[in-house]
Amino acid sequence: MPDLDTVVREICEEMAARPDRGTVADYIPELAHVDPNQFGLAVIDGDGRVSAGGDSETLFSIQSISKVFTLTLALGMIGDRLWRRVGREPSGNPFNSIVQLERERGVPRNPFINAGAIAVTDVILSGHEPREALGEILRFMQFLGKDPSIAIDEKVAASERRTGFRNSALAYYMKSFGVIENPVDYTLGVYFHHCAIAMSCRQLATAGQFLAHNGLNPQTGFSVVSAERARRINAIMLTCGHYDGSGEFAYRVGLPGKSGVGGGILAVAPGRASIAVWSPGLDEAGNSHLGRVALERLTQRMGWSVFGV
Ligand code: GLN
């Protein structure tokens, strides 16, 4: 088996030199300022050993990667009743699409497209003040990322709130079917803020460890979720984590993964490693271009695809 540190170093060198960097998301104006010439990678194995390179300590906007953690929290709160509010089938449509909501009576296809994540956020919010719900989500990220300094980038949250017309449309449309329980502004406020959490690759890979190890943090032995739940969250990441690019990601990388328009991807090599990669330039589906290329290299060289070596 090749040496992980060497593989990570070589991938970081290759990515730093590549001219094809994708396009930085600009529909959230604050994200348009991010320098596309950045790349970071952090891999944490089952013994807690970190192999990292490039800009792995730089904070970036985790955006839709937060949806993995809000799904985990919502399942912890109401269990399988969550599946009355959101489905778990791949959508084959862009992350912000509205088309399937009409046919499916306002129930989003899965928890990782925007409509689904807004419905999940609404579940976390019910019975709480928005401030409490957001505090709950942030503390969960700080706990999993083992870093109390993890925070929300208020500028990004405000920028998205000012321009998030599509998300507002999705939320109001779901509300018309009764899928959203709380005032739409409250639900969207919490959603925009959890998308605006800023983390580094190292913090994110730390936070994802429970998914790679049957729901347990292998260093502390602390159980975050049951093994069954971790397995199922991974299944949804594999089938839905990259929107209409999920098939291509499975084909090329072969790991459960969740992307965000900030250019991050959290990927899980079950039983082996938690991986976070970040490069701000995106492909047409809104997934990090070099992030995907780097993960393809990593799984190929380490033989980590869940589909075989
Ligand atoms: N906050 C972003 C949005 O709602 C998240 C999208 C994403 O990362 N794919 O548009």
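Residues numbered from 1 in each chain as written. Predicted model: local features only at pLDDT ≥ 70, side-chain atom pairs only at ≥ 80, totals over all residues.

Spatial strand order, β4-β6-β5: 3 strands in an open sheet with antiparallel pairing. Strands with a single pairing partner mark the edges of an open sheet, and in this sheet they are β4 (60–61) and β5 (151–152). By the bridge criterion, 2 bridges tie β5 to strand β6 (residues 197–199) in an arrangement that is antiparallel. Its bridge partner lying in β6, I152 is registered against I197. (Pairing = 2+ DSSP bridges. Helix = DSSP H or I, 4+ residues; strand = E, 2+ residues; numbered from the N terminus.)

Another aspect to go through is the UniProt feature "binding site: substrate" (unreviewed entry) in the chain. When the UniProt feature table is mapped to this numbering, "binding site: substrate" (unreviewed entry) covers S64, N114, E160, N167, Y191, Y243 and V261. Along the chain, S64 falls in the loop between β4 and α2 (66–78). The residues contacting S64, other than those within four sequence positions of it, are F95, F112, A117, C195, K258, S259, G260 and V261. Take N114: there are 23 C-beta atoms within 10 Å of it, and that puts it in the buried class. Look past the residues within four positions of N114 in its chain and what remains in contact with it is F95, N96, N167 and L170. (UniProt positions renumbered as here; feature names shortened; annotations may be inferred. Contact = placed C-beta atoms within 7 Å. Buried ≥ 20, exposed ≤ 12 C-beta atoms within 10 Å, placed from the backbone.)

What follows concerns helix α6 (residues 154–163). Taken together, the buried positions of α6 are occupied by V156, A157, S159 and E160. Across the axial projection of α6, the buried residues extend over an arc of 165°, all falling on one side. Opposite its buried face, α6 presents the exposed residues E154 and R162, each directed more than 90 degrees away. Buried residues in α6 make contact with β4, β5 and α8 (184–195). (Arc of directions from axis to C-beta.)

In the vicinity of the ligand, the residues found are Q63, S64, F95, N96, N114, E160, N167, C195, G260, V261 and G286. Of the residues belonging to the shell around the ligand, the class tally is 3 nonpolar, 7 polar and 1 charged. (Near = placed C-beta within 6 Å. Nonpolar A, V, L, I, M, F, W, Y, C, P; charged D, E, K, R; others polar.)

Buried residues dominate strand β9 (residues 273–278), accounting for 6 of its 6 residues. The alternating pattern of β9 places A273, I275 and V277 and S274, A276 and W278 on opposite faces, both of which are buried. Examined bridge by bridge, strand β2 (residues 40–45) and β9 share 6 bridges and lie antiparallel to one another. Within β9, the residue paired with D45 across the bridge is A273. Direction of pairing for strand β8 (residues 264–269) relative to β9: antiparallel, over a ladder of 6 bridges. Along β9, the bridge assignment pairs V268 with S274. Taking the residues between adjacent antiparallel strands as the criterion, β8 and β9 are bridged by 3 residues, where G271 takes a positive phi near 80°.

This brings us to the packing of helix α7 (residues 165–176) against α8. Direction vectors running N to C along α7 and α8 enclose 135°, while the axes themselves pass 10 Å from each other. In terms of orientation, α7 lies oblique with respect to α8. When the axes of α7 and α8 are compared, the crossing they make is right-handed. Contacts between α7 and α8 involve N167, S168, A171, Y172 and K175 on the former and, on the latter, V184, T187 and L188. In terms of residue class, the contact of α7 with α8 is built from 4 nonpolar, 3 polar and 1 charged. (Axes fitted to C-alpha atoms, helices over the stretch in contact; angles between N-to-C directions. Parallel < 35°, antiparallel > 145°, perpendicular 65-115°, else oblique. Left-handed = near helix turned anticlockwise from the far one by under 90°.)

With that out of the way, let us pick up the nonpolar core. Core analysis: the biggest nonpolar cluster contains 95 residues, and L41 and I275 have the highest contact counts within it. A total of 8 residues in this core trace back to one element, the largest contributor, which is helix α4 (residues 114–125). The contact partners of I275, leaving out residues within four places of it in the chain, are V43, A205, A267, A269, L295 and L298. (Core = buried A, V, L, I, M, F, W, Y, C linked by C-beta atoms within 7 Å.)

With that out of the way, let us pick up helix α13 (residues 289–302). Helix length check: α13, at 14 residues, gives a terminal C-alpha distance of 20 Å against a target of 20 Å (1.5 Å per residue), a fit within 8%. The buried fraction of α13 is high, at 10 of 14 residues. All of the buried residues in α13 are H289, L290, G291, R292, V293, A294, L295, L298, T299 and M302. Positive backbone phi, approximately 70°, marks G303, located one or two places after α13. (Expected span 1.5 Å × (residues − 1).)

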